[in-house]
Amino acid sequence: MSKAEAIQIGRQALEKVGLSDREDYYPSQLSGGQQQRVAIARAIATEPEIIYFDEPTSALDPELTGEVLAVMRTLAEEGMTMLVVTHEMGFARQVSSKVVFMEHGLVVESGDSYSFFHSPREERTRSFLQTLSGQISLAS
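What counts, and at which threshold
Residues numbered from 1 in each chain as written. Predicted model: local features only at pLDDT ≥ 70, side-chain atom pairs only at ≥ 80, totals over all residues. Heavy atoms only, no water. Helix = DSSP H or I, 4+ residues; strand = E, 2+ residues; numbered from the N terminus. Buried < 20%, exposed > 50% of the residue type's maximum accessible area, 1.4 Å probe, protein only. Contact = heavy atoms within 4.5 Å. Areas by Shrake-Rupley, 256 points an atom, 1.4 Å probe, with all protein chains shown as cover. Arc of directions from axis to C-beta.

Chemist: Help me understand the overall build of the protein in this model?
Modeler: Helix and strand counts for the protein come out as six helices and four strands. Starting at the N terminus and ending at the C terminus, the protein contains elements arranged as α-α-β-α-β-α-β-β-α-α. Taken along its principal axes, the extent of the C-alpha atoms in the protein is 55 × 30 × 30 Å. Buried positions account for 32% of the 140 residues belonging to the protein. In the protein, once contacts between residues fewer than 6 apart in sequence are set aside, the share between residues at least 24 apart is 45%. A total accessible area of about 9100 Å² is found for the protein, and carbon and sulfur atoms account for 51% of it.

Chemist: I keep staring at helix H6 (residues 123–132) and nothing clicks. Help me out?
Modeler: Count 3.6 residues to each turn of an α-helix, and residues three or four apart come out pointing the same way. Among all positions of H6, only Thr125, Phe128, Leu129 and Leu132 are buried. Angularly, the buried residues of H6 cover 95° about the axis, an arc narrow enough to put them on a single face. Counted as exposed and oriented over 90 degrees from the buried face of H6: Glu123, Gln130 and Thr131. Each element contacted by the buried residues of H6 is listed here: helix H4 (89–95), strand E3 (98–103), strand E4 (106–112) and helix H5 (113–118).

Chemist: Teacher, can you tell me more about the environment of Val99 here?
Modeler: By secondary structure assignment, the location of Val99 is in strand E3. Assessed through its relative accessible area of 8%, Val99 is described here as buried. Those residues in contact with Val99 that lie beyond four places of it in its chain are Glu109, Ser110, Gly111, Ser113, Phe116 and Phe117.

Chemist: Help me out: how do you make sense of the environment of Gln36 in this one?
Modeler: You can see Gln36 is positioned in helix H2 (residues 32–45). A C-alpha to C-alpha distance of 9.6 Å links Gln36 and Thr65, two positions 29 residues apart in sequence. Aside from chain neighbours lying at most four places away, what touches Gln36 is Pro56, Thr57, Leu60 and Val68.

Interpretation in functional terms is not warranted from these geometric data alone.
Here it is, written out as structure tokens:
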């Protein structure tokens, strides 16, 4: 593609993640959350069928975490397929269609999100969700 086309695609991707005003910034001039959103923009610029995220908010403070999760939530609403490794269970409950719960590298339980959060089959899953019940609303 031409340079002009590449620039246009890049600008559209930055706009989609709320960073159109940061087009001329270097990574060192961006916050951690902005850097994560630039990484998402880079991924969506290639128009992938699926985007893989590995703990995308692990090094971020709560405000920046919210920014990144908002972008991911928008992508999910637009139908983007994402595979997300996360400890953000509230986000997983709200956005996911399927959940795989793993412990020590083994699958403990997997299934559709509603069943996972509302009627887990495995005792270990129930125990895990019980410890989180004060942190996330599992009933909604």
